Amino acid sequence: MNEMIHRVMICVGGLILAFVLLLAQPALADFEAGMAAYKAGDYAAALPEMQAAAEGGHARAQYALGSMYNEGKGVPPDRALAVEWWRKAAMQNHAQAQFALGVAHSSGSGVAKDNIAAHMWFSLAAAQGKKNAERLLQVIVRQMTPAEITEAERRAEDWRAAS
């Protein structure tokens, strides 16, 4: 009996995995098409493809769409919307999105200026090897009190533990 349950569980698991992979394929295809159009400078064609992939949960597409809104490429500039898309990508551990959030929080671009949040995002990006994040982390630390630095480090640790 246990052997039959084990086989059924393996089959169900395989079906779930196949379903998830089928759902992920359109997002990947949309992203690839969107990125090709973006690189060609055809932002009007890139936008719907990136939008579809980003809404499908594709972290690189979320980051790219945020950058399009930040820079006004194919869309009116909207830094608050850029931050929303970067946050979605950052929540999936996308280092460049984490870095972009650090920049946004340190400058108050699209979000309220918040050195604690900037420190946290720069720290997370730096932990993934983003050299510019390490450099800007050193800059932001000079603008913070020891209590703020401690709070930022605690938030980064909490984020790492939760992800």
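Note that the structure is a prediction, hence the values are computed from the model and not measured.

Engineer: Can you help me understand the overall build of the protein in this one?
Structural biologist: Regarding its fold elements, the protein presents 8 helices and 0 strands. When the helices and strands of the protein are placed in sequence order, the string is α-α-α-α-α-α-α-α. Within the span of the protein, comprising 163 residues, buried residues form 37% of the whole. Sequence-distant contacts in the protein: of pairs separated by 6 or more residues, those separated by 24 or more amount to 49%. Roughly 9200 Å² of accessible area belongs to the protein as shown, and the carbon and sulfur atoms make up 61% of that amount.

Engineer: For this particular structure, what's the right way to read helix α4 (residues 79–90)?
Structural biologist: Side chains of residues three or four places apart in an α-helix project in the same direction, reflecting 3.6 residues per turn. Between its first and last C-alpha, α4 extends 16 Å over 12 residues, near the 16 Å set by a 1.5 Å rise per residue. Where α4 is concerned, the buried positions are A82, V83, W85, W86, A89 and A90. The arc that holds every buried residue of α4, seen down its axis, measures 165°, which confines them to one face. In the core, the buried residues of α4 are packed alongside α2 (43–55), α3 (59–71), α5 (95–107), α6 (115–127) and α8 (146–162). Structurally, the start of α4 carries an N-cap: the backbone nitrogen of A80 is 3.3 Å from a side-chain oxygen of D78.

Engineer: Looking at this structure, how should I read the confidence of the model for the protein?
Structural biologist: Regions with low pLDDT carry predicted coordinates that are not meant to be interpreted in detail. In the predicted model, the protein carries a mean pLDDT of 87, and the fraction of residues at 70 or more is 82%. Here residues 11–25 scores under 50 on pLDDT; set against residues more than four positions off or in separate chains, the count is 0 contacts.

Engineer: How do you make sense of the nonpolar core when you look at a structure like this?
Structural biologist: A general feature of soluble globular proteins is that nonpolar side chains tend to end up buried together. M50, L65, M68, W86 and W121 are the most contacted members of the largest nonpolar core, which has 31 residues in total. For this core, the secondary structure elements donating two or more residues are α1 (2–39), α2, α3, α4, α5, α6 and α8. Contacts of M50, omitting those with residues within four sequence positions, involve D30, F31, G34, M35, A61, A64, L65 and M68. One finds I116, A133, M144 and I149 within the second-largest nonpolar core, a separate group that totals 12 residues.

Engineer: For this particular structure, what's the right way to read the packing of aromatic side chains?
Structural biologist: Each aromatic ring pair is characterised by the separation of its centres together with the angle its planes make. The final tally for this structure, using the stated rule, is 4 aromatic pairs. A centroid spacing of 6.5 Å and a plane angle of 25° characterise the contact between Y63 and W86, whose relative ring orientation is stacked. Taken together, the residues span a long stretch of sequence, with Y63 in helix α3 and W86 in helix α4 at a distance of 23 residues. Given a relative accessible area of 6%, W86 falls into the buried group. The positively charged end of K88 is found above the aromatic ring belonging to W85, 4.4 Å away from the centroid.

Engineer: Please clarify how α2 should be interpreted in this entry.
Structural biologist: Along its 13 residues, α2 runs 17 Å from first to last C-alpha, staying within 8% of the 18 Å computed at 1.5 Å per residue. The complete set of buried residues in α2 reads A46, L47, M50, A53 and A54. For α2, the angular spread of buried residues about the axis comes to 145°, placing them on one side. Turned more than 90 degrees off the buried face of α2, the exposed positions are A44 and E55.

Here is what the cut-offs are and how they apply
- Residues numbered from 1 in each chain as written.
- Predicted model: local features only at pLDDT ≥ 70, side-chain atom pairs only at ≥ 80, totals over all residues.
- Heavy atoms only, no water.
- Helix = DSSP H or I, 4+ residues; strand = E, 2+ residues; numbered from the N terminus.
- Buried < 20%, exposed > 50% of the residue type's maximum accessible area, 1.4 Å probe, protein only.
- Contact = heavy atoms within 4.5 Å.
- Areas by Shrake-Rupley, 256 points an atom, 1.4 Å probe, with all protein chains shown as cover.
- Expected span 1.5 Å × (residues − 1).
- Arc of directions from axis to C-beta.
- Polar contact = N/O pair within 3.5 Å; in protein donor to acceptor, adjacent residues only side chain to side chain.
- pLDDT = per-residue confidence, 0-100.
- Core = buried A, V, L, I, M, F, W, Y, C linked by side-chain atoms within 4.5 Å.
- Phe/Tyr/Trp six-rings, centres within 6.5 Å; stacked < 30°, edge-to-face > 60°.
- Lys NZ or Arg CZ within 6 Å of the ring centre and 35° of its normal.

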